Amino acid sequence: MLSRVADSVYWMARYMERAENLARLLLANESLMLDSGISDDRAFWEPILMTTGDESGYGGLYPEVRGDYVQDYLAANPKNSNSIHNCIRTARENARMVRDQLSDEVWRAVNDLYLFVSSDRAASMRAESAVGFYEAVIQGGCLFQGASRATMMRNEAWQFFQTGTYLERADKTSRLIDACSDVALTVPPHPDARPLRWQALLRSCSAWHGYREQHPAVAPRDVVEFLFLNEQFARSVRFCVREMHLALKQLPLPPGSPVNSPRRLATRLFNDVDLATVDEIIDAGLHGYIDRLQARLNDIGAAIFETHVLYADLTPVSLLSPVPCTVAPLGAWHGDLDMQIQQQQ
Amino acid sequence: MQTFQHYDTSGFFDEVFAPSCAVRPHYDTVVRSLDTLAAGDFARRQQSADAAFLKQGVTFTVYGDDKGTERIFPFDLMPRIIPRNEWEHIESGLVQRITALNLFLNDVYHGQQIMNDGVVPREIVESAAHYRPEFRGITVPHHIYIHVCGTDLVRDDSGAYFVLEDNGRCPSGASYVLENRQAMKRTFPHLLEQLPVRPVDGYGAMLRATLAHLAPPGVVDPAIVVLTPGVCNSAYFEHAYLARQMGVPIVEGRDLIVRDDRVFMRTTGGLVQVHVIYRRIDDDFLDPLVFRKDSLLGVPGLVRAYTVGNVALANSIGTGVADDKATYAYVPKMIRYYLDQEPILPNVPTYLGGEPDDRAYILEHLDSLVVKAVNESGGYGMLMGPSSTQGQRDEFKRRIVANPRNYIAQPVLSLSRHPTFVGDHFEGRHIDLRPYILYGDKIQVLPGGLTRVALKKGSLVVNSSQGGGSKDTWVLWDAA
């Protein structure tokens, strides 16, 4: 399949997953906030903002860290390229670019969600009760996942779709756990309310019921183990890395692809995660472990782009006369580009 | 006749009602059916059709709006109907016209006999903005230049069909023909059951066969692609839609790469050769090595690959010389010259400043003609005779005498009207028709086409950017 199409399918899946996880993060914390009697808005919301990795753009847009500001920034602000709204918009632009590869149901799921988050109804929902808005985004994300599984061909595009979905989900689950590591352990301030934080974490991953089936009480060690290593839970890091690894194994490697192919990097990562124990992870330092995991996921993402998008140029078709010329950047759509406009007949 | 009780047919040719206010026979079923609808029912169906277009992303992008606003192309549910005898006349006229235009292009880019014989003045060709003299002598597959043509037709106050212009570069709109029919099937299924309407579904297969015909010799199963400027282009929906109808990839310039004068697409498994490109990018942007150097939309080296015959382009390069405003006036002469036939579909009468008799006529009738400068478009350099002042007419008289070849004149057209749903009732609105003609191993005309409607009261402008909309066009199997 076309490299650009593969890249767009991959990023469409990533951005949809990203939007859904942001909605999960905000939903769980909105609820936690109401339950735990917190008075210090900043101490509560700052770690959440940090979790997303998009905190750098926040300062210039808002005078202080406050619940309604953070939610506005993460859900809707057009200047935050990873806000829920922009993620869905970018997912849809990529879906538009590969419209011919998608089933009507998958396109409808993306387009409907975009029309919803752009609507006046969505804006008033956010103003009145953001919970309803987050739930609708999560529901839209699940519909997208379901429509994809039920209607897409299990071809190459599907493997890129799977890779994007699970790479993003592994990254986001690890970030959600990170919000509960080190920095956040003193929040909420009242010790008796602290287990609520772990409970909120489980809820934000749709893990609450699965966890309760296997564990009688909410204990940090058990929560970390469940979210990292549980083999049956579809959002655990191990589960996601395994699915990503299986999808990458299905992809043909183009001739001349690099030694550190995404397949090889993913196999290594899966082996490490598969053999890890929760005690090793906690002993190594939760935050540091998560940092290293995210770096390796980033490496896999970069290797996918190099191997499947860039390396096509170097196949041995005889390089007699490559023409020197500037060309447009390759790959998926990640935001506004000035394109030249031509007249239509 | 409740629905059309207050409908005003005066002043123009009305598609549905004869001057006596009787319903024309081929509209009988539709008018009777609309009459049985409860009040408000038509409006509800219209809303649901609009919502369906938005849901499916059948939209075009509005330029100059930083929000990247997408609009649906307004769609009017009352279909335009063409009976079989009228359609056969149109069809034969279009086949004749595309044949002559292709013979003309082949001649212009080779021996230039028609110019040597003085039938089409050399200056007209050489001054055309889209003439590509560097393509003279290059042989294109099967000597066909225009493979996909969209010809705009209008009807005058007697109901006769005229050609308003030919679009022989990258005509758009075919996807709306297909989508409009889908919308009608959803909204008025019973109406389509009652009438023998010719299907338009076959367009994707027709287009694919037309393109496959162009493949370089010896290629049995050619790789065909649709080349789009990208998702930011206003017609992107159409490009993707047609690719999907044909079952071929849609590519951007950056997906293609030229090696050894062959065109390849970049795939996840390496480079794959491409044989036929249905390009929806203008000549200027096609290849930065030949045309606009700053174009990022094109493919460096593509034109060379085309000229040596390793890849085919549809439409060919330089076809714009045939749909030029001044060349238009000579199409009837081309038909006589190449085919020794009388034109079946007439041009709108056009007077050429360069011909002495015509010039005299123009100068005598400035107050009743539209005068156009041939090298300008969009209403510039134009005189609307009936609404002009004596001063403006004097000024044009001076210009025409000074540079007669640069001017043409036409009578003011009164386009036919068609009942169109406005708010909660029907009013007459001006329409035109763009049928699609494909030229491959044979010439085929899609039965129907895009009926464009000027939604603004009294307006004669049907373009989507100017408040135009469209209607489904029903060509009947039966004569009326």
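Novice: Any chance you could break down the overall build of chain B for me, citing the residues and the numbers?
Specialist: When its secondary structure is counted, chain B shows 15 helices and 22 strands. Rg of the C-alpha trace for chain B: 23 Å, near the compact-globule value of 23 Å for 480 residues, within the 12% margin. Out of the 480 residues belonging to chain B, those deemed buried represent 49%. Nonlocal contacts in chain B, meaning residues at least 24 apart in sequence, comprise 68% of its contacts between residues at least 6 apart.

Novice: How would you summarise the overall build of chain A if you had to cite specific residues and measurements?
Specialist: When you go through chain A residue by residue, the secondary structure sums to 15 helices and zero strands. Looking at chain A as a whole, 46% of its 345 residues qualify as buried.

Novice: Quick rundown of helix α11 (residues 220–229) of chain A? Include the residues and the values.
Specialist: What sets the pattern is the α-helix's 3.6 residues per turn: residues three or four places apart point alike. Looking only at α11(A), the buried set comprises Val223(A), Val224(A), Glu225(A), Phe226(A), Leu227(A) and Phe228(A). Lining the buried residues of α11(A) we find α8 (156–178), α9 (195–204), α10 (208–214), α12 (237–250), α14 (278–283) and α15 (286–310) of chain A.

Novice: Can you explain the pairing of strand β14 (residues 369–373) of chain B? Please cite residues and give values.
Specialist: All names here are of chain B. Burial within β14 is extensive, with four of its five residues counted as buried. For β14 and strand β16 (residues 407–411), the ladder comprises five bridges, and the chain directions are antiparallel. Bridge pairing in β16 places Ala373 opposite Tyr407. The sheet contact formed by β14 and strand β15 (residues 382–384) spans three bridges and is antiparallel. Pairing of Val371 across the sheet is with Leu383, part of β15.

Novice: Summarise the environment of Phe104(B); cite the residues concerned and give the values.
Specialist: Position of Phe104(B) among the secondary structure elements: in helix α3 (residues 84–108). For the pair Phe104(B) and Pro222(B), spaced 118 residues apart in sequence, the C-alpha separation works out to 28 Å.

Novice: Tell me about the nonpolar core, residues and numbers included.
Specialist: Val9(A), Ala19(A), Ile84(A) and Val110(A) are the most contacted members of the largest nonpolar core, which totals 221 residues. Broken down by element, the residue count for this core peaks at 17 residues, all from helix α1 (residues 3–35) of chain A. Every residue in contact with Ala19(A), bar those within four places of it in the chain, is listed here: Ile84(A), Cys87(A), Ile88(A), Ala91(A), Val137(A) and Gly141(A). In this structure, Val154(B), Ile431(B), Val453(B) and Val462(B) belong to the second largest nonpolar core, which totals seven residues.

Novice: Before we move on, could you go through the environment of Ala130(A) and cite the residues and values that matter?
Specialist: Residue and element names in this part refer to chain A. In this fold, Ala130 is placed in helix α7 (residues 130–151). On the basis of neighbour counts, which here come to 20 C-beta atoms within 10 Å, the residue Ala130 falls in the buried class. Here the alpha-carbon distance between Ala130 and Ala75, two residues 55 residues apart in the chain, equals 9.5 Å. Those residues in contact with Ala130 that sit more than four places away from it in its chain are Glu30 and Gln71.

Novice: I'd like to hear about the packing of α8(A) against α12(A), residue by residue, with values.
Specialist: Residues and elements named next belong to chain A. At a closest axis distance of 8 Å, the pairing of α8 and α12 adopts a crossing angle of 155°. Between α8 and α12, the angle is such that the two are roughly antiparallel. For the pair α8 and α12, the sense of crossing is left-handed. The residues of α12 that touch α8, namely those facing Gln159, Gln162, Thr163, Tyr166, Leu167, Arg169, Ala170, Thr173 and Ser174, are Val237, Cys240, Val241, Glu243, Met244, Ala247, Leu248 and Gln250. Of the residues belonging to the contact of α8 with α12, the class tally is nine nonpolar, six polar and two charged.

Novice: An account of the sheet that holds strand β12 (residues 312–314) of chain B is needed here, citing residue identities and associated values.
Specialist: In sheet architecture, strand pairing relies on hydrogen bonds along the backbone and comes in two forms, parallel and antiparallel. Residue and element names in this part refer to chain B. Strands sit in the order β7-β6-β11-β12 across an open sheet of four strands; the sheet is parallel. The open sheet has two edge strands, β7 (250–252) and β12, and neither has a second partner. Shown here is a sheet whose adjacent strand axes are inclined to one another by a mean of 35°, direction ignored. Two strands pair when backbone bridges link them, and strand β6 (residues 224–228) and strand β11 (residues 276–279) are joined in this way by four bridges, in the parallel orientation. Looking at β11, one finds that Val226 is bridged to Tyr278. Packed onto the sheet, helix α9 (residues 236–246) meets β6 and β7 and runs at close to 175° relative to β6.

Novice: Describe the pairing of strand β19 (residues 436–439) of chain B, naming the residues involved and giving the relevant values.
Specialist: Residue and element names in this part refer to chain B. Residue alternation in β19 divides its side chains into two sets, Tyr436 and Leu438 and Ile437 and Tyr439, and both sets are buried. Where β19 lies against strand β20 (residues 443–445), three bridges are found, and the strand directions are antiparallel. Looking at the pairing, Tyr439 lines up with Ile443 of β20.

Novice: Before we move on, can you summarise the environment of Trp158(A) with the specific residues and values?
Specialist: Residues and elements named next belong to chain A. With respect to the helices and strands, the residue Trp158 is situated in helix α8. With 18 C-beta atoms counted inside 10 Å, the residue Trp158 sits in the partly exposed group. Distance from Trp158 to Gly67, taken between C-alpha atoms, is 38 Å for residues 91 residues apart in sequence.

Novice: I'd like to hear about the sheet that holds strand β9 (residues 262–267) of chain B, residue by residue, with values.
Specialist: All names here are of chain B. Read from one edge to the other, the open sheet built from three strands follows the order β8-β9-β10, with strand pairing classed as antiparallel. Strands at the two margins of the open sheet, each flanked by one partner only, are β8 (256–259) and β10 (270–273). The mean inter-strand angle of the sheet, taken between neighbouring strand axes irrespective of direction, is 45°. Alignment of β8 against β9, held across four bridges, turns out to be antiparallel. Within the sheet, the bridge partner assigned to Ile257 lies in β9 and is Phe264.

Novice: Could you give an account of the confidence of the model for chain B, with specific residues and numbers?
Specialist: Across chain B, the average pLDDT comes to 89, with 95% of residues at 70 or higher. Here the complex is predicted with pTM 0.81, and the ipTM for its interfaces comes to 0.76.

Novice: Give a description of the packing of helix α8 (residues 203–212) of chain B against α9(B) that names residues and reports values.
Specialist: Residues and elements named next belong to chain B. Put simply, α8 and α9 touch, their axes get as near as 8 Å, and they point 80° apart. Viewed along their axes, α8 and α9 adopt a mutual orientation that is roughly perpendicular. Counting all contacts with α8, which are made through Tyr203, Gly204, Leu207 and Arg208, the residues of α9 involved are Leu242, Gln245 and Met246.

Parameters at a glance
Residues numbered from 1 in each chain as written. Chains lettered and ligands numbered in written order. Predicted model: local features only at pLDDT ≥ 70, side-chain atom pairs only at ≥ 80, totals over all residues. Helix = DSSP H or I, 4+ residues; strand = E, 2+ residues; numbered from the N terminus. Rg over C-alpha atoms; globule rule 2.2 N^0.38 Å. Buried ≥ 20, exposed ≤ 12 C-beta atoms within 10 Å, placed from the backbone. Contact = placed C-beta atoms within 7 Å. Pairing = 2+ DSSP bridges. Core = buried A, V, L, I, M, F, W, Y, C linked by C-beta atoms within 7 Å. Axes fitted to C-alpha atoms, helices over the stretch in contact; angles between N-to-C directions. Parallel < 35°, antiparallel > 145°, perpendicular 65-115°, else oblique. Left-handed = near helix turned anticlockwise from the far one by under 90°. Nonpolar A, V, L, I, M, F, W, Y, C, P; charged D, E, K, R; others polar. pLDDT = per-residue confidence, 0-100.

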